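Residue-level structural notes
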Amino acid sequence: MSSQRVISCARHGLRLAKRPQNVYGKQFNCSSTLQRPISEPRPRKTWRRGRVTASVAFIAFAAGTQGFQVGKKTSKDEATHSPPKYGDREALRKAIKDICTALGDDAISTEPEDLHAHGYSEWSSLNIPQLPVAVAYPKSTEEVSQVAKACYKYSIPMIPFSGGSSLEANFAAPFGGISVDFAYMDQILALHEDDMDVVVQPSVNWMDLNHALEDTGLFFPVDPGPSAKIGGMVGTSCSGTNAVRYGTMKDWVVNLTVVLANGEIIKTRRRPRKTSAGYNLTGLFVGSEGTLGLVTEATLKLAVIPQQTSVAVVTFPTIRDAATAASKIMRAGVPVGAMEIMDEVQMSVINRAGATGMTWKEAPTMFFKFTGTEAGVKDNVGVVEAITMANHGSDFEFAKSKEDAETLWSARKIALWSMLSLRDEGDEVWSTDVAVPLSRLPDIIEISKKEMDDLGLFASILGHVGDGNFHESVLYDKTNAEEKKKVEDCLHAMVDRALEMEGTCTGEHGVGLGKKASLKQELGNGPINMMRGIKAALDPRWLMNPGKIFDHGALEEEASAYAGAGRLDTHAQSGEVINKLLDQNVT
């Protein structure tokens, strides 16, 4: 019989005793807040009619438009062709009151600080003025179901929130609505050591999970940014530095417990590692960015901690030399544990941030992690050394201890944080990713690097080159419209180039608000319409994280009529387009 252990995670900081107090702001008081206008806590600047927003429906919703007819059954035709209509102010008040009745008065916040924290992110390359109207704090799957039932009853959008570290405005609230924060669903529910799997709630941080697993000889290998949590990792099907050896999030999710738009609770499958029973519902929700349902539990596969791990660093004269070496290493079939690249600018960023306690050579650099048995690691190191030297690489610098290894690898893990730490007032970092077939990696990195350098701005390349995925990060002055346009054109050119090379517009960040046009360019109308059909079946009122991945067909058609053949990315739509749509939709 498989052993099962329920872990108490208090010592790892994974469980909170009660809902947040004075973390994001004061808590909502049902009796008092319902008496004042629901828009009062929101900063006024977000209500200006001419502001660029992601859609029209949220403006109609905030202005007190005609709400969805409660109790009316939504037909398939309405779900796919008619623009979504969301509840008005009175419907929102009723939804909040129902949530307070079911979960308690401290389950809802409408404080400005809280709303801002759930609608704006300094990590994101794209932020919009619109914020959620309220934040709900459920503690269990059943409470999430109660929140969903209230929102479904009154047609209020729902936006899931866990780590808040996504980069494509994945948790932004373009239609207002209620942000569902899983902060109190942060427990490891069960560990099955013999089966090598674990059941967790969405706000478990992956690093805390591995810390809790230390004594078992097992670990969870998907390793995105340090602040990422399981819910968001499932939503974006993220990856990390270990992806070249272990794959991405979709490869490590056994099953999910999901709350659908109407509050129904489903479990996508049972717990065996393989099954051929029915549709792959687990795979349907992984990568859906919360647009199909709210994930409240995940059963994850675990791996055995390798017998030996060795970390090494090697520099190259050019970024193309490094990318070519990476491609040849993969073609040679060397099972490296991880293979990362950073250009000379990013190495300079690491030095300036000073977080690693080391001074690095400011040259294109590759970071390797070798894992396995002692003999296997030794053989793999020898093959990789020969390939890198043949491509003008320097001698390897190896970590001499576990502490040294952590220091060396930390340079890669804190790359984005290091760039963010260099911002002055008014500066922003735009970071985005693409992935291409391995053979095209040297070409796209070399061309993209040159175009980025031509900007004359602080810009760097880094990435998971073992699977053809890399990132560009640019530091720019957001108050300078001309500079921002140059950055936008450069990064869009990189995405377009990746698509021309049969690549993808995002390898791990997800689509969110920022890459909807690029996704349509990548897949075409057929697959996008199929996705719309799936969403219409599961979420006919278009309530689950609306505006992400793709737009409702009716809204996109209207926007296309005004925007012509130009990009339909959220941040590229003009105020004129929004105002024309507003005039047509507000009644």
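Since the structure is predicted, the reported quantities are computational estimates derived from the model, not experimental observations. (Residues numbered from 1 in each chain as written. Predicted model: local features only at pLDDT ≥ 70, side-chain atom pairs only at ≥ 80, totals over all residues. Heavy atoms only, no water.)

**What about a negative patch on the surface?**
- Among the surface-exposed residues, E397, E403, D404 and E406 lie close enough to one another that they form a single negatively charged patch.
- The greatest single-element share of the negative patch, amounting to three residues, is contributed by helix 14 (residues 402-413).
- With respect to the helices and strands, E403 occurs in helix 14.
- Note on E403: relative accessible area 53%, which makes it exposed. (Patch = residues over 30% accessible without salt bridge, like charges linked within 9 Å, V, L, I, M, F, W, Y side chains within 5 Å. Areas by Shrake-Rupley, 256 points an atom, 1.4 Å probe, with all protein chains shown as cover. Salt bridge = Lys/Arg side-chain N within 4 Å of Asp/Glu carboxyl O. Lys, Arg positive; Asp, Glu negative; His and termini not counted. Charge placed at Lys NZ, Arg CZ, Asp CG, Glu CD. Helix = DSSP H or I, 4+ residues; strand = E, 2+ residues; numbered from the N terminus. Buried < 20%, exposed > 50% of the residue type's maximum accessible area, 1.4 Å probe, protein only.)

**A look at the pattern of salt bridges**
- Per the stated rule, a full pass over the model turns up 19 salt bridges.
- For D195, the salt bridge identified is with R271, shortest N-O distance 3.0 Å. Note that D195 is positioned in the loop between strand 5 (188-192) and strand 6 (197-200) and R271 in the loop between strand 9 (265-267) and helix 10 (281-285), a separation of 76 residues in sequence.
- Salt-bridge contacts for D453 lead to K449; the nearest nitrogen and oxygen are separated by 3.5 Å. In this pair, D453 and K449 both sit in helix 16 (residues 441-453), four residues apart, roughly one turn of the helix.
- Connected through salt bridges with shared partners, the residues R320, R440, D443 and E446 form a single ionic network.

**Description of unusual backbone geometry**
- Located in the positive-phi region is H392, a residue other than glycine, with phi close to 70 degrees.
- Note that H392 resides in the loop between helix 13 (374-390) and strand 15 (397-398).
- Judged by its relative accessible area of 53%, H392 falls in the exposed class.
- Even without being glycine, W542 reaches a positive phi, approximately 60 degrees.

**Details of the sheet that holds strand 13 (residues 338-342)**
- If you walk across this open sheet you meet the seven strands as 15-12-14-13-17-18-16, and the pairing is antiparallel. Sheet topology places strand 15 and strand 16 (427-435) at the edges, where each strand pairs with a single neighbour.
- Summarising the sheet, strand 17 (residues 458-464) and strand 18 (residues 469-477) pair through seven bridges and their orientation is antiparallel. Within strand 18, the position partnered with F458 by the bridge is L475.
- Relative to strand 17, helix 12 (residues 344-353) is tilted by about 100 degrees, and along the sheet it contacts strand 13, strand 14 (365-372) and strand 17.
- Its contacts with the sheet put helix 13 on strand 12 (308-315), strand 14 and strand 15, and the angle it makes with strand 14 is roughly 155 degrees. (Pairing = 2+ DSSP bridges. Contact = heavy atoms within 4.5 Å. Axes fitted to C-alpha atoms, helices over the stretch in contact; angles between N-to-C directions.)

**What to know about the nonpolar core**
- The biggest cluster of nonpolar side chains holds 82 residues, and the ones touching the most others in it are I178, M366, F368, F370 and I445.
- If you look at the next biggest cluster of nonpolar residues, it comprises 33 residues, including F219, L260, L292 and A303. (Core = buried A, V, L, I, M, F, W, Y, C linked by side-chain atoms within 4.5 Å.)

**What to know about the environment of K94**
- In this fold, K94 is placed in helix 4 (residues 89-103).
- K94 gets classed as partly exposed once you look at its relative accessible area, which sits at 39%.
- In sequence terms K94 and A150 are 56 residues apart; their C-alpha atoms lie 8.3 Å from each other.

**Quick look at the sheet that holds strand 4 (residues 178-181)**
- Strand order in the open sheet formed by four strands is 1-2-4-3, and the pairing between neighbours is mixed. The open sheet has two edge strands with one neighbour each: strand 1 (108-109) and strand 3 (158-161).
- Pairing geometry for strand 2 (residues 134-136) and strand 4, over three bridges, is parallel. Paired with A136 across the bridge in strand 4 is V180.

**Quick word on helix 19 (residues 525-538)**
- The end-to-end C-alpha separation of helix 19 is 20 Å, in line with the 20 Å expected for 14 residues at 1.5 Å each.
- Three or more residues of helix 19 are buried, namely I528, R532, K535 and A536. What you see down the axis of helix 19 is that its buried residues fit within an arc of 100 degrees, all on one side. With respect to the buried face of helix 19, the exposed residues turned more than 90 degrees away are M530 and A537. (Expected span 1.5 Å × (residues − 1). Arc of directions from axis to C-beta.)

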